[in-house]
Number of protein chains: 2
Amino acid sequence: MRAARDQSVVEDYVKVIYAHTEWQPEPITTSVLAARLGLAASSVTEMVKKLGNAGLAIHVPYGAVELTPEGVRLALRMLRRHRLIETWLVEVFSYGWDEVHDEAEVLEHTLSDRLLEAIAEQLGEPSRDPHGDPIPAADGRVSRAEAVVLRDAPEGSVGRIVRISDRDPTLLRYLRAEAIALDVELTVLGRRPFGGALAVRAGAVEHDLGDEAATSIWISIGESTVTSGVPLESS
Amino acid sequence: MRAARDQSVVEDYVKVIYAHTEWQPEPITTSVLAARLGLAASSVTEMVKKLGNAGLAIHVPYGAVELTPEGVRLALRMLRRHRLIETWLVEVFSYGWDEVHDEAEVLEHTLSDRLLEAIAEQLGEPSRDPHGDPIPAADGRVSRAEAVVLRDAPEGSVGRIVRISDRDPTLLRYLRAEAIALDVELTVLGRRPFGGALAVRAGAVEHDLGDEAATSIWISIGESTVTSGVPLESS
DNA sequence: GGTAAGATTTCGGTGTGCCGAAACTCAAGA
DNA sequence: TCTTGAGTTTCGGCACACCGAAATCTTACC
């Protein structure tokens, strides 16, 4: 009976489904979802069916998985929690930005709303987390810089780093050591031949970035901002 | 597989077993344990057997349940977590002492050691929680005031309130409204006839306390302190 | 010492989320 | 159009902590 009220599995699925479309448009497939969650594909198929019954997701068999508005609301709630907690750990407890993910992964499911909102207030309702990901407001609104992933940025373009994916802590440590951080201005110099590294200039220093780095860094070429979101009410 | 590494059920059992002997000597029975945990007696019997196999408890069938040194270590660790979290919620987030229990009950299982110790440091390593319960040190030592439960205090005795059980939030709110709090000096005036209320004086005010209150308040009639505990190392 | 009441354990069974293997679907290329 | 293999779902099964009912043990009292 314990798991009956343990919402956290559902929360994880929904969060990952949503996050997948946050910086690119393709909806997620069950196998990618399985890989992200570290589960067998068969488990995910079953669970996605349950999400469907719960009104959180829509899944055409053999097709992609998409969230209902209800699912989006829950996902935004979880993303708000995750990112507020990450920010809090960095600001209040001096965690490194490469050290916050695992702790947030657990706490996002267990802090009460009351405590979470108290923390948000102490932090002054921040709008982005230490990696540049937007923190949804309590009402579900999200505002983020319009951005392209570095790999797809045209040669010669100049932009400000607005997001660095937190998927790989090793990469985060490397980037920090190289002084590649949020809000740093980057110039895309060009790509080395034969699918090689991407050459960029950050400040006065030039770097050759591998594919993992080039797909983890997002730059904003301009100052436009996108606002979206679904009200959180019934979550 | 999720529950395989979910230690929190074990942690709850061990914590309750230990807490039962914290302020009185009788070891706990499976039925009392079941009542405290809100579970069926049969479930507890089974789980206690597993605690035995795990080397955390000793249970002679049909007898009481006692912790091994290993079990005590885990229990102290959990009590430290629970009570530090309660203290933290009161100090940093202005929770009322009647509001902290449920949140702590969840978070004690989910905060990392790193975060917990950071919190302890911010609080200045407190030695007792908002209800007067001792907070075990990180090394497992416990120091608490020697105390008797109010119901058993001899008539005429004078003592300082050193602990108020947090089991019933309603009672806590009532006591707060009556200005009966930690460190208040209490005089036991006597018992009303026929198992009636216990009359006490707190400051200048007299109160008639029912049995629930009289078994929830502990007073120290002297200044002696008891230190105990088992090193926490391998927990 | 026997016995009944109460406490405790055993037993069969449940829901949940997970897994691997087998069966199935679909789309791309021949 | 047919084939094929990658991707997906179905199926049988597992571990876990739990439950109620039935069986068993203990203890207190006669």
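Everything below is about the structure printed above this text.
Source: prediction; values computed, not measured. (Residues numbered from 1 in each chain as written. Chains lettered and ligands numbered in written order. Predicted model: local features only at pLDDT ≥ 70, side-chain atom pairs only at ≥ 80, totals over all residues. Heavy atoms only, no water.)

Novice: Looking at this structure, how should I read the interface of chain B and chain A?
Specialist: The extent of an interface is frequently quoted as the accessible surface area lost upon association of the parts. Each side of the interface is counted separately: chain B has 22 residues, and chain A has 22 residues. Here chain B is connected to chain A by 2 salt bridges. Between Arg114(B) and Glu99(A) there is a salt bridge, with its nearest N and O atoms 3.2 Å apart. Here the side of chain B that touches chain A is built from residues that sort into 12 nonpolar, 5 polar and 5 charged. (Contact = heavy atoms within 4.5 Å. Salt bridge = Lys/Arg side-chain N within 4 Å of Asp/Glu carboxyl O. Nonpolar A, V, L, I, M, F, W, Y, C, P; charged D, E, K, R; others polar.)

Novice: Whenever I open this one, the sheet that holds strand E8 (residues 205-209) of chain A confuses me. Can you help?
Specialist: Sheet strands line up and pair through hydrogen bonds in the backbone, either parallel or antiparallel. All names here are of chain A. Overall, antiparallel pairing links the 6 strands, which are arranged E4-E9-E5-E6-E7-E8 in an open sheet. Because the sheet does not close on itself, it has two edges, and the strands there are strand E4 (148-149) and E8. Bridge analysis of strand E6 (residues 185-191) against strand E7 (residues 198-202) gives 5 bridges, and the strand direction is antiparallel. By the bridge assignment, Leu 186 is partnered in E7 with Ala 202. (Pairing = 2+ DSSP bridges. Helix = DSSP H or I, 4+ residues; strand = E, 2+ residues; numbered from the N terminus.)

Novice: Sorry if this is basic, but what is going on with the packing of aromatic side chains here?
Specialist: What describes a pair of aromatic rings is the distance from one ring centre to the other and the angle between the planes of the rings. Throughout the structure, instances matching the rule amount to 5 aromatic pairs over all chains. Judged by centre distance (5.2 Å) and plane angle (45 degrees), the rings of Trp23(A) and Trp218(A) are tilted. Note that Trp23(A) is positioned in the loop between helix H1 (8-20) and helix H2 (30-37) and Trp218(A) in strand E9 (residues 217-220), a separation of 195 residues in sequence. On the accessibility criterion, Trp23(A) (13% relative accessible area) is buried. The buried category is assigned to Trp218(A), whose relative accessible area is 10%. By the ring-pair criterion, three or more aromatic residues cluster together here, those being Trp88(A), Phe93(A), Trp88(B) and Phe93(B). Sitting above the plane of the Tyr95(B) ring, Arg114(A) keeps its charged end 3.8 Å from the centroid. (Phe/Tyr/Trp six-rings, centres within 6.5 Å; stacked < 30°, edge-to-face > 60°. Buried < 20%, exposed > 50% of the residue type's maximum accessible area, 1.4 Å probe, protein only. Lys NZ or Arg CZ within 6 Å of the ring centre and 35° of its normal.)

Novice: It is not clear to me how the pairing of strand E5 (residues 158-164) of chain A should be interpreted in this structure. Could you clarify?
Specialist: The side chains of a regular strand alternate, first on one face of the sheet and then on the other. Residues and elements named next belong to chain A. With 5 of 7 residues buried, E5 lies mostly within the body of the structure. Where E5 meets E6, 3 bridges bridge the pair, whose relative direction is antiparallel. The partner of Arg 160 across the bridge, within E6, is Glu 185. With 4 bridges joining them, E5 and E9 adopt antiparallel strand pairing. If you follow Arg 163 over to E9, its bridge partner there is Trp 218.

Novice: Please explain the sheet that holds strand E5 (residues 158-164) of chain B as it appears in this structure.
Specialist: The 6 strands lie next to each other as E4-E9-E5-E6-E7-E8 (chain B), forming an open sheet whose pairing is antiparallel. Strands at the two margins of the open sheet, each flanked by one partner only, are strand E4 (148-149) and strand E8 (205-209) of chain B.

Novice: Whenever I open this one, the packing of H1(A) against H2(A) confuses me. Can you help?
Specialist: All names here are of chain A. For the pair H1 and H2, the least separation of the axes is 10 Å and the interaxial angle reads 115 degrees. Helix-helix and strand crossings are classified by hand; for H1 and H2 the assignment is right-handed. Side by side, H1 and H2 meet where Asp 12, Tyr 13, Val 16, Ile 17 and His 20 of the first sit next to Val 32, Leu 33, Arg 36 and Leu 37 of the second. The residue makeup of the contact of H1 with H2, split by class, is 6 nonpolar, 1 polar and 2 charged. (Axes fitted to C-alpha atoms, helices over the stretch in contact; angles between N-to-C directions. Left-handed = near helix turned anticlockwise from the far one by under 90°.)

Novice: Explain the protein's contact with DNA strand C here, please?
Specialist: The environment of DNA strand C is formed by 21 residues, the closest being Ala40(A), Ser43(A), Ser31(B), Thr45(B) and His59(B). Close to the protein, within 4 Å, the atoms of DNA strand C are drawn from sugar and phosphate at a rate of 63%. Here a base oxygen of DNA strand C sits 2.9 Å away from a polar atom, N or O, in the side chain of Ser42(A). A distance of 2.9 Å separates a phosphate oxygen of DNA strand C from a polar atom in the side chain of Lys49(B). Where the surface near DNA strand C is concerned, the elements lending two or more residues are H1 and helix H3 (41-53) of chain A together with helix H2 (30-37) and helix H3 (41-53) of chain B. A total of 5 residues in the surface near DNA strand C trace back to one element, the largest contributor, which is H3(B). (Near = heavy atom within 4 Å. Polar contact = N/O pair within 3.5 Å; in protein donor to acceptor, adjacent residues only side chain to side chain.)

So far we have only geometry, and geometry alone does not tell us how the molecule works.
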